[in-house]
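Structural overview for review
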Amino acid sequence: MPRFENSKILPYSDQQLYSIIINVEQYPEFLPWCKDSVISNRIDENNFDAKLVIGYKALDENYTSRVKGIYLKEITSNAIAGPFKYLDSLWTFKKSGKKCKVKFRLDYEFKSFLLGKIMGTLFQKASEKMFEAFEERAKSLYSN
């Protein structure tokens, strides 16, 4: 069961960081290997399904995740369709003055052993870069 975890205190508010992560439709603008993102079954701004296309070179995969947000506290995402046996992520936010401690955890396994072998190493690297991409997005939007 591959897992990636990271946490960091960032010089941004919980509101700023939450906003970046919940706005899934903007992921193709800054997230490595995210080629497309479409929101469906929107219950409200914090709860919806998101169909994403991820890819690298000639390999593209589609999957749908159910996203559930508790405003300024946490965002969970669980794959409900696609190549994953499971793909579960959790973002948590803890305000600390004008800063915020953000934690990220990603657990995943591909349904196909072969796809897991082909995409596994790439997906692990993408997970590491993903956290950095969100941090860079915050920097580009909110740093003076």
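Right above here is the structure, for reference.
Here goes a summary of the coordinates provided. Because the structure is predicted, anything quoted here is derived from the model rather than measured.

Brief notes about the overall build of the protein chain
- A tally of regular secondary structure across the protein chain gives two helices and seven strands.
- For the protein chain, the succession of helices and strands along the chain, N to C, is β-α-β-β-β-β-β-β-α.
- For the protein chain, the spread of C-alpha atoms along the three principal axes comes to 45 × 30 × 25 Å.
- Split into buried and exposed, the 144 residues of the protein chain put 42% on the buried side.
- Counting only carbon and sulfur atoms, one obtains 50% of the accessible surface of the protein chain, whose full area is about 8,300 Å².
- Computed over 23 positive and 18 negative side-chain charges, the inter-centroid distance for the protein chain is 5 Å.

What to know about the sheet that holds strand S5 (residues 74-81)
- Spatial ordering of the open sheet is given by S1-S7-S6-S5-S4-S3-S2, a layout of seven strands whose pairing is antiparallel. One side of each edge strand has no neighbouring strand; the edge strands of this open sheet are strand S1 (3-10) and strand S2 (34-44). The sheet shows a mean angle of 15 degrees between the axes of neighbouring strands, direction not considered.
- Where S5 meets strand S6 (residues 84-96), five bridges bridge the pair, whose relative direction is antiparallel. Bridging from a neighbouring strand, Ile75 pairs with Trp91 of S6.
- Strands S1, strand S3 (47-56), strand S4 (59-70), S5, S6 and strand S7 (99-110) of the sheet are contacted by helix H1 (residues 14-22), whose axis makes an angle of about 160 degrees with S6.

Thoughts on the nonpolar core
- Among the nonpolar cores identified, the biggest contains 36 residues, and Leu17, Tyr27, Leu31, Ile75, Trp91, Phe93 and Phe134 are the most heavily contacted of them.
- Only S1, H1, S3, S4, S6, S7 and helix H2 (113-142) provide two or more residues apiece to this core.

Description of the environment of Thr92
- With respect to the element layout, Thr92 can be found in strand S6.
- Taking C-alpha positions, Thr92 is 5.2 Å from Lys103, a pair spaced 11 residues apart along the chain.

What about the side chain of Ser37?
- For Ser37, the location among the structural elements is in strand S2.
- Looking at Ser37, the relative accessible area reads 9%, which means it is buried.
- Here Val24 takes part through its backbone oxygen, which lies 2.9 Å from a polar atom of the side chain of Ser37.
- In contact with Ser37, not counting residues within four places along its chain, are Val24, Glu25, Pro28, Lys51 and Leu52.

Focus: a positive patch on the surface
- Together, Lys73, Lys94, Lys101 and Lys103 make up a region of like positive charge exposed at the surface.
- Its place among the elements puts Lys101 in strand S7.

Here's the deal with the pairing of S2
- By the bridge criterion, seven bridges tie S2 to S3 in an arrangement that is antiparallel. Of the residues in S3, the one forming a bridge with Cys34 is Ile54.
- As consecutive antiparallel partners, S2 and S3 are separated by two residues.

Definitions and limits used
Sequence positions are assigned chain by chain, starting from 1 and proceeding in written order. Under the rules for a predicted model, residues below a pLDDT of 70 receive no local features and side-chain atom pairs below 80 are neither given nor counted, while totals for whole chains, interfaces and linings still include all residues. Side-chain measures were taken over the full set of non-hydrogen atoms in the model, leaving aside hydrogen atoms and water. Starting at the N terminus, helices and strands are each numbered in turn, a helix being any DSSP run of H or I of at least four residues and a strand any DSSP run of E of at least two. Three exposure classes are used, based on accessible area relative to the maximum for each residue type with a 1.4 Å probe and protein chains only: buried under 20%, partly exposed in between, and exposed over 50%. The accessible surface values rely on the Shrake-Rupley method and a 1.4 Å probe; as for residues, cover is taken only from the protein chains in view. For the purpose of charge, His is not counted, nor are the chain termini; Lys and Arg are scored as positive and Asp and Glu as negative. Charge positions come from single atoms, namely NZ of Lys, CZ of Arg, CG of Asp or CD of Glu. Any two strands are treated as partners once DSSP identifies two or more bridges connecting them. Where helices are involved, their axes are fitted lines through C-alpha atoms of the stretch in contact, as for all axes, and angles between N-to-C directions lie from 0 to 180°. By the convention used here, residues are in contact when the closest approach between their heavy atoms is within 4.5 Å. As used here, the term nonpolar core means buried Ala, Val, Leu, Ile, Met, Phe, Trp, Tyr and Cys residues forming a set that is joined through side-chain atoms within 4.5 Å. Polar contact criterion, stated in full: a pair of N or O atoms within 3.5 Å, where within protein one must be able to donate a hydrogen and the other to accept it, and residues adjacent in sequence count only if both atoms are side-chain atoms. Distance thresholds for patches are 9 Å for like charges and 5 Å for nonpolar side chains (Val, Leu, Ile, Met, Phe, Trp, Tyr), applied to residues having over 30% relative accessible area and no salt bridge. Think of a salt bridge as a Lys or Arg side-chain nitrogen and an Asp or Glu carboxyl oxygen that are within 4 Å of each other.

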